[in-house]
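# Descriptive analysis of the structure
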Amino acid sequence: MEVQTCKKRVMEYMEVHRMAEPGDGILAAVSGGADSVCLLRILSELSGEYGFRLSAFHLNHGLRGAEAERDEQYVKELCGKLEIPLVTARADVARYARENGLSEEEAGRRLRYRYLEQTAEKLSCDRIATAHHRADNVETVLMNLFRGSGLKGLGGIRPVRGRVIRPLLCLERDEIEAYLLDCGVSWCEDSTNRELEYARNRVRNVLVPWVKENINDRAGEHILNTAKFASQADDYFEGLADRLLDEDGSSGRDTDRKREASIRTELFDSQPDIVKAYLVRAMIRRAAGQEKDISARHIEAVCALTGPGRGTAADLPYGIRAVRGYDRITVTAKPGTKPGPTADSKEEKKTEIPDFSVETRKFPWKKEMEIPQKRYTKWFDYDKIMDTLSLRHRESGDYFLIEGGKTKLLKRYFIDEKIPAGQRDQIWLLTEGNHVLWAIGYRISEYYKISETTNTVLEVRICKGEEHV
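Worth saying up front: this structure is predicted, and the values here are computed from it rather than measured.

For the rest of this paragraph, the subject is the overall build of the chain. In terms of helices and strands, the chain carries 15 helices and 21 strands. When the accessible surface of the chain is summed, it comes to about 24,000 Å², and 48% of that surface belongs to carbon and sulfur atoms.

Structure, rendered in structure tokens:
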């Protein structure tokens, strides 16, 4: 593909999906591979024409030794030649994967996006650009299909998701390489892309080539056409569910500091099953502020509710419950639970709990700071917090990370500390999923402690009248 043709296609794709406006700051994720090098070069050329500010970010995953060092050095040299500001970071992906029970592939993805978001905030960038292309999209659709997915997963990679943009989704991998060769630009090859240890590599290097050779050489194109229809259908049903809830007039209310969403049972029951599923998702999203961990099993549990006298309630993630009454289905916080501090809070917040309150604030970490040694004021490494925090009592599976990177069940900790059985259910916990950041009044997890790599501190204070000490 000619250089100008490739650039023109990307430019038109960005315009169609409104990926950038004059004056925007764009942070490009650059690994040093062909895809990200192509992304950086094209955005560099377009930045002058469109008037956006371009910066770059590179994360050294610490997994490939000298090869990773080579990639980082290459990206530094490339950005220097293009006169593009570059931020680099290093992460121990293998350790993060072990400590969180993740594959190295998933651990790397999580850390990469976390660092990208943090860097975008520091550099005041409006957009984060990643180098996903058409083949990546094909693989994503297939992986979601094999794992089990609804329309959203079958819709594949979206051109725009929040502040993340994917300008190269209009290009094939061979077109990207042809562009770079025409430009006389080299790139780094990641040797792990050829290994079959990762499921995605098996799809990329074995399954897709076999399908193209033995079934249909245009299989990738057909998969993406189907993904486009699935994406459009998902958008339609999501919009329909929101309209039905809005027209019903009583969803999304704030009640006693809790978020609540509901719908008339008559309206809900009159909908096709697929619309019911989207209505349940929309109510959960409005009540909890997220829906990441909501599965088909949760949706089916709510749809199966029959009301007073039989199946009345279904417990859901995030400490919420769906209740079917005579006239309405309501999704709200379970009785006895209160909203806790969240990992994405950007300012000081105060949450009232019976007999005490919780105050949280975020601030940059400086090495000269003295960590408070108070029983009811604790500092945590905010950068390690991935999901919403909960303030609750103990649940099965709760654990700490202790010295040496080992896991210790909360139940065993209570036994070892000789905490009376009758008191254990009364102890408040600050948790991320089942990982306990802090058993309030007792210990905190080693994983979230302030360290040399900390950038941002989350302070949590427990108050009763005046601050506990």
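Two side chains that carry opposite charge are able to pair once their charged atoms sit near each other. Under the counting rule described, the total for this entry stands at 42 salt bridges. We note a salt bridge from Glu-106 to Arg-109, for which the minimum N-O separation is 2.9 Å. Taken together, the residues span about one helical turn, with Glu-106 and Arg-109 both in helix H5 (residues 104-122) at a distance of three residues. Taking the relative accessible area as the measure of exposure, Glu-106 reaches 24% and is therefore partly exposed.

The subject of this paragraph is the nonpolar core. If you look at the biggest cluster of nonpolar residues, it comprises 41 residues, and the most contacted ones within it are Ile-26, Leu-40, Ile-42, Leu-43, Leu-168 and Leu-180. When residues of this core are traced back to their parent elements, those giving at least two are helix H1 (3-16), strand S1 (25-29), helix H2 (34-50), strand S2 (53-60), helix H3 (66-82) and helix H8 (173-183). Ranked by residue count, the leading element in this core is H2, at eight residues. Not counting residues within four places of it along the chain, the set of residues in contact with Leu-180 comprises Ala-34, Val-37, Cys-38, Arg-41, Val-185 and Trp-187. Listed in part, the 38 residues of the second largest apolar core include Tyr-96, Ala-97, Ala-120 and Tyr-376.

If you check H3, its first and last C-alpha atoms are 24 Å apart, about what 17 residues at 1.5 Å a residue would give, namely 24 Å. Buried within H3 we find Glu-67, Ala-68, Asp-71, Glu-72, Tyr-74, Val-75, Leu-78 and Cys-79. On an axial view of H3, the arc spanned by its buried residues comes to 160°, and they lie on one face. Opposite the buried face of H3, at more than 90 degrees from it, the exposed residues are Ala-66, Gly-80 and Lys-81. Tucked into the core, H3 has its buried residues touching H2, S2 and strand S3 (86-90). Downstream of H3 by a residue or two, Glu-83 has a phi angle that is positive, lying close to 55°.

Another aspect to go through is the sheet that holds strand S5 (residues 160-161). Ordered by their spatial adjacency, six strands build an open sheet running S3-S2-S1-S4-S6-S5, and the pairing between neighbours is mixed. Lying at the two open borders of the sheet, with one neighbouring strand each, are S3 and S5. Where S1 meets strand S4 (residues 127-129), three bridges bridge the pair, whose relative direction is parallel. Residue Leu-27 lies in a different strand from S4, and its bridge partner there is Ile-128. Helix-sheet contacts for H2 involve S1, S2 and S4, and the interaxial angle to S1 is about 160°. Together, S1, S2, S3, S4, S5 and strand S6 (164-165) form the strand contacts of H5, whose direction differs from that of S2 by roughly 145°.

Mapped onto the fold, Arg-127 is located in strand S4. Asp-24 provides the closest opposite charge to the buried, salt-bridge-free Arg-127, at an N-O distance of 4.6 Å. Setting aside chain neighbours within four positions, we find Arg-127 in contact with Arg-18, Met-19, Asp-24, Gly-25, Ile-26, Leu-27, Val-160, Gly-162, Arg-163 and Ile-165.

Moving on, we get to the confidence of the model for the chain. Put simply, the chain has an average pLDDT of 85, and 89% of its residues get 70 or more. Across residues 251-257 the pLDDT falls below 50, and counting only partners more than four positions away or on other chains, this stretch makes 17 contacts in the model. Below a pLDDT of 50 lies the segment residues 465-469, which in the model reaches nine contacts outside its immediate sequence neighbourhood of four places, other chains included.

As a further point, take the packing of H2 against H3. Relative to each other, H2 and H3 sit at 15°, their axes nearing to 11 Å. Put simply, H2 runs roughly parallel to H3. Here the hand of the crossing between H2 and H3 comes out right-handed. On the side of H2, the interface is formed by Val-37, Leu-40, Arg-41 and Ser-44, while H3 contributes Tyr-74, Leu-78, Cys-79 and Leu-82.

On to the environment of Arg-297. By secondary structure assignment, the location of Arg-297 is in helix H13 (residues 296-303). Each C-alpha atom, one on Arg-297 and one on Leu-316, is 9.9 Å from the other, the two residues being 19 residues apart in sequence. Of the polar contacts made by the side chain of Arg-297, one reaches the side chain of His-298; its length is 3.5 Å.

Tallied over the entire structure, the rule returns ten aromatic pairs. Summarising the aromatic geometry, the rings of Phe-363 and Trp-379 are spaced 5.1 Å apart at their centres and angled 70° between planes, so their arrangement reads as edge-to-face. Of this pair, Phe-363 sits in strand S13 (residues 356-364) while Trp-379 sits in strand S14 (residues 377-381), and the two are 16 residues apart along the sequence. Here Trp-379 falls in the buried class, since its relative accessible area comes to 10%. On the numbers, 6.0 Å between centres and 50° between planes, the contact of Tyr-413 with Phe-414 is tilted.

By the secondary structure assignment, Leu-391 is in strand S15 (residues 390-392). Residue classification places Leu-391 among the buried residues on the basis of a relative accessible area of 5%. Between the C-alpha atoms of Leu-391 and Leu-430, which are 39 residues apart in sequence, the distance is 4.7 Å.

Now for H5. For H5, with 19 residues, the first-to-last C-alpha span of 27 Å sits near the 27 Å given by 1.5 Å per residue. Among the residues making up H5, those that are buried are Ala-107, Gly-108, Leu-111, Tyr-113, Arg-114, Tyr-115, Leu-116, Gln-118, Thr-119 and Ala-120. At the exit of H5 stands Ser-124, carrying a positive phi of roughly 55°.

Thresholds applied
Residues numbered from 1 in each chain as written. Predicted model: local features only at pLDDT ≥ 70, side-chain atom pairs only at ≥ 80, totals over all residues. Heavy atoms only, no water. Helix = DSSP H or I, 4+ residues; strand = E, 2+ residues; numbered from the N terminus. Areas by Shrake-Rupley, 256 points an atom, 1.4 Å probe, with all protein chains shown as cover. Salt bridge = Lys/Arg side-chain N within 4 Å of Asp/Glu carboxyl O. Buried < 20%, exposed > 50% of the residue type's maximum accessible area, 1.4 Å probe, protein only. Core = buried A, V, L, I, M, F, W, Y, C linked by side-chain atoms within 4.5 Å. Contact = heavy atoms within 4.5 Å. Expected span 1.5 Å × (residues − 1). Arc of directions from axis to C-beta. Pairing = 2+ DSSP bridges. Axes fitted to C-alpha atoms, helices over the stretch in contact; angles between N-to-C directions. Lys, Arg positive; Asp, Glu negative; His and termini not counted. pLDDT = per-residue confidence, 0-100. Parallel < 35°, antiparallel > 145°, perpendicular 65-115°, else oblique. Left-handed = near helix turned anticlockwise from the far one by under 90°. Polar contact = N/O pair within 3.5 Å; in protein donor to acceptor, adjacent residues only side chain to side chain. Phe/Tyr/Trp six-rings, centres within 6.5 Å; stacked < 30°, edge-to-face > 60°.

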